[in-house]
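What follows is each chain in one-letter form.
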Amino acid sequence: MELKQQKLLLVLILTLLFATATPDSEYVRPLPRKTLTTIPWDSISKAHSSYPQQVHISLAGDKHMRVTWITDDKHSPSYVEYGTLPGRYDSIAEGECTSYNYLLYSSGKIHHAVIGPLEDNTAYFYRCGGKGAEFELKTPPAQFPITFAVAGDLGQTGWTKSTLAHIDQCKYDVYLLPGDLSYADCMQHLWDNFGKLVEPFASTRPWMVTEGNHEEENILLLTDEFVSYNSRWKMPFEESGSTSNLYYSFEVAGVHVIMLGSYADYDVYSEQYRWLKEDLSKVDRKRTPWLLVLFHVPWYNSNKAHQGAGDDMMAAMEPLLYAASVDLVIAGHVHAYERSKRLYNGRLDPCGAVHITIGDGGNREGLAHKYINPQPKWSEFREASFGHGELKIVNSTHAFWSWHRNDDDEPVKADDIWITSLVSSRCVDQKTHELRSTLLTP
Ligand SMILES: *[C@@H]1O[C@H](CO)[C@@H](O)[C@H](O)[C@H]1NC(C)=O
C-alpha cells in the first residue's frame, strides 16, 4: 500500500474505533433506547444549502452580541444586518470567517459577526449574509431581575429535544451550558446536526458555553484538540482578556460569570490560573453583586460516576474562588442533578459556594444512577433524571433556583430554593483583605 492509502486506512480504523467506543461503562440505560438515540440527520429540516444555517448568538462584551452561522457556499459574505423592526435593517456589522478540516471532513464556512451597541432588554431582527430567513433575538436586561436557563451534557437525543422545549417555555434571558454540547465524538457531521437542532433556541437567546470532554475530539497526531468546538462556538474570550476560548468571563445585569476550562491547564502556574486572578481582581461587587463560576467536571459530587475527577482542579482553584466569595458553582459531566449546601474544603461553610451538578441535558449515554451512601452532609438534593435548571436572580441579595425534571411531558419542578448572596451575608466584606493579598501574590 502506498503511504497515502495507509494513512486513510488508519483514519478509517480510528474513526470506527471512536464511533463504537462506549465512553462510560458505569452508566445504566433504564430509558427506552429510542429516546437515547441521536436524532438522525434528515429529521432536522434542511434549508437550502447555500443559505445560512446553524445560527446561534452569544454575548460579546458590553451591549454586544456575536452572531455565528455556517454556509456551504465559500463565497457567502460574513455580515449581519439588524434592526428593531422586522424586515427593516438599519445597521450592519461586518464579521470574520473561519473553517477547519478534521480527518476527511471539511467544514462549511463558519461566520462570526459582532453586532451592537444594542439596547438592553430589546427585541432585534437580523439576517445573516444578506440571505435566508430572518431571526429574532432579545437582549438581556441591564438590571435585575435576570433569568438563566442551565443544563449541561446536552447531546442531541429525544431527551435533548424535550429539555430544550421545556427551557423554551420559561422566560429566560441567557442559557448557560457547563460543557458537553453535541456528543459528535469525532463524527463531524454531528456537529452540523447539533447546530441545526439548537438553532431555533440558540438564535433567539445568547448561549454561553464552556468545554467538556466531548469537545476535545483529539486523535493523537492526527487532529488538533477542540478544533471543531473552537471554530463553531467562539465565546467572548478576547473581550474578557483571556487568550483561550476554553475559559473567559462576561457580565450581565449585575452578575459576573466566569466560565472556566476543566480541560485547560489549571494549576497555580498555568495561564488559566493567572487569567482567573486577573479577572477576579476586576470584579466589583457593587456593580455585580453576584459571582457565578461554571466548568465541566464537578468538585462536589456524591454520584459514583466520575468520583474524584475534579479533585486536582479543586485543589488548585477552590481557595481562590473561596477568597473571592463565589456564590454559585455550576458543573456538568455527571449525568444527574445534585445541589449542595454552601461549603468549602469539604466542610459546610456559610461563606462557601453552593455547588450544582447539572449534567442532565439529555445526551445519548444515559443517566448516572449509582450514588454513594449515606448521602454526604453537604449534599442537599440529588436525583438521576434528565432536566434543566432555572436561576432567577431577583435582586442583589436574593436568587431563586429551581430544577425541573423531564420525565413527564410537562417540566415538573422537583427542587427549588432561595439563595441569598454572599454580598448580603457580609462574607464579601469580611474577606476583602484576604482576597487582595491572594490576588497580589504572584
Ligand atoms: C430582594 O428580593 C427578595 C425576594 O423577593 C425580597 O424579600 C427582598 O426584600 C428584596 N430586597 C431588596 C433589597 O429589594
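Residues numbered from 1 in each chain as written. Predicted model: local features only at pLDDT ≥ 70, side-chain atom pairs only at ≥ 80, totals over all residues.

Below, the discussion takes up the pairing of strand E11 (residues 146-150). A large share of E11 lies buried, amounting to four of its five residues. Pairing between E11 and strand E23 (residues 387-393): five bridges, direction antiparallel. Its bridge partner lying in E23, Ile146 is registered against Ile393. (Buried ≥ 20, exposed ≤ 12 C-beta atoms within 10 Å, placed from the backbone. Helix = DSSP H or I, 4+ residues; strand = E, 2+ residues; numbered from the N terminus. Pairing = 2+ DSSP bridges.)

Relative to the helices and strands, Val354 is located in strand E21 (residues 354-358). For Val354, a count of 22 C-beta atoms within 10 Å gives the class buried. C-alpha separation for the pair Val354 and Arg342, spaced 12 residues apart in sequence, amounts to 4.5 Å. Excluding residues within four positions of it along the chain, Val354 makes contact with Leu328, Arg339, Ser340, Arg342 and Ile419. (Contact = placed C-beta atoms within 7 Å.)

What follows is about the sheet that holds strand E17 (residues 328-331). With respect to topology, seven strands assemble into an open sheet ordered E14-E15-E16-E17-E21-E18-E22, the strand pairing being mixed. Strands at the two margins of the open sheet, each flanked by one partner only, are strand E14 (248-252) and strand E22 (379-383). Strand-to-strand twist of the sheet, defined as the mean angle between neighbouring strand axes without regard to direction, takes the value 15°. Here strand E15 (residues 255-259) runs beside strand E16 (residues 290-294); their pairing, made up of five bridges, is parallel. Its bridge partner lying in E16, Val257 is registered against Leu292. (Axes fitted to C-alpha atoms, helices over the stretch in contact; angles between N-to-C directions.)

Helix length check: helix H3 (residues 158-169), at 12 residues, gives a terminal C-alpha distance of 17 Å against a target of 16 Å (1.5 Å per residue), a fit within 8%. Listed as buried for H3 are Trp159, Thr160, Ser162, Thr163, Leu164, His166 and Ile167. (Expected span 1.5 Å × (residues − 1).)

The antiparallel open sheet is built from four strands, whose spatial order is E1-E2-E8-E5. Taken across any chain shown, the strands that pair with only one partner, and hence form the sheet edges, are strand E1 (53-59) and strand E5 (96-98). For this sheet the average axis-to-axis angle between neighbouring strands, irrespective of direction, equals 20°. Here strand E2 (residues 65-71) runs beside strand E8 (residues 109-115); their pairing, made up of seven bridges, is antiparallel. Within the sheet, the bridge partner assigned to Val67 lies in E8 and is Ala113. Each of E1 and E2 touches helix H4 (residues 189-202); the most contacted strand, E1, lies at about 55° to it.

So, on to the site of the ligand. Within the structure, the ligand sits among Val394, Asn395, Thr397 and His398. Here the shell around the ligand is built from residues that sort into one nonpolar, three polar and no charged. (Near = placed C-beta within 6 Å. Nonpolar A, V, L, I, M, F, W, Y, C, P; charged D, E, K, R; others polar.)

Turning next to the environment of Ala368. As for its placement among the helices and strands, Ala368 is situated in the loop between E21 and E22. Separated by 31 residues in the primary sequence, Ala368 and Tyr337 have C-alpha atoms spaced 9.4 Å apart.

Attention shifts here to helix H6 (residues 271-282). For H6, which comprises 12 residues, the first-to-last C-alpha distance of 17 Å matches the rise-based estimate of 16 Å (1.5 Å per residue) to within 8%. Listed in full, the buried residues belonging to H6 are Gln272, Trp275, Leu276 and Leu280. For H6, the angular spread of buried residues about the axis comes to 135°, placing them on one side. Where the residues of H6 are buried, they touch helix H7 (311-323) and helix H9 (432-440). (Arc of directions from axis to C-beta.)

Attention now moves to the nonpolar core. Membership of the largest hydrophobic core comes to 106 residues, with the highest contact counts inside it found for Val67, Met208 and Ile330. The dominant element in this core, judged by the number of residues it contributes, is H4, at six residues. The contacts of Val67, once residues within four sequence positions are left out, are Val55, Ile57, Val80, Ala113, Ile115, Tyr126 and Cys128. (Core = buried A, V, L, I, M, F, W, Y, C linked by C-beta atoms within 7 Å.)

The phi torsion of most residues other than glycine is negative, and most of the peptide bonds are trans. Look at the link from Gly116 to Pro117: it is a cis peptide, with omega at 5°. Relative to the helices and strands, Pro117 is located in the loop between E8 and strand E9 (123-128). The peptide bond linking Phe144 to Pro145 adopts the cis configuration, its omega dihedral lying at 0°. Among the structural elements, Pro145 can be located in the loop between strand E10 (135-138) and E11. The phi dihedral of Phe226 is positive, around 60°, even though this residue is not glycine. You can see Phe226 is positioned in the loop between strand E13 (207-209) and helix H5 (227-232).

Turning our attention to the environment of Phe144. Its location among the elements puts Phe144 in the loop between E10 and E11. Classification of Phe144 by C-beta neighbours within 10 Å gives partly exposed; the count is 18. The spatial distance from the C-alpha of Phe144 to the C-alpha of Val252 is 9.4 Å, given a sequence separation of 108 residues. Residues in contact with Phe144, not counting those within four places in the same chain, are Ala253, Gly254, Ile393, Val394, Asn395 and Ser396.

What follows is about the pairing of strand E12 (residues 174-177). Because side chains alternate across E12, one face comprises the buried residues Val174 and Leu176, and the other comprises Tyr175 and Leu177, equally buried. When E11 meets E12, the two strands line up parallel, connected through three bridges. Bridge pairing links Phe148 to Val174 in E12. Note on the crossover from E11 through H3 to E12: the handedness is right-handed. Bridging between E12 and E13 involves three bridges; their strand directions are parallel. For Leu177, the partnering residue across the bridge sits in E13 and is Val209. Regarding the hand of the β-α-β motif, the stretch spanning E12, H4 and E13 is right-handed. (Right-handed = clockwise from strand over helix to strand, strands pointing away.)

Here we take up the confidence of the model for the protein. Overall, the prediction assigns the protein a mean pLDDT of 91, with 89% of residues at 70 or greater. Low pLDDT, under 50, characterises residues 16-30; the predicted model gives this stretch 19 contacts beyond four residues in sequence or across chains. (pLDDT = per-residue confidence, 0-100.)

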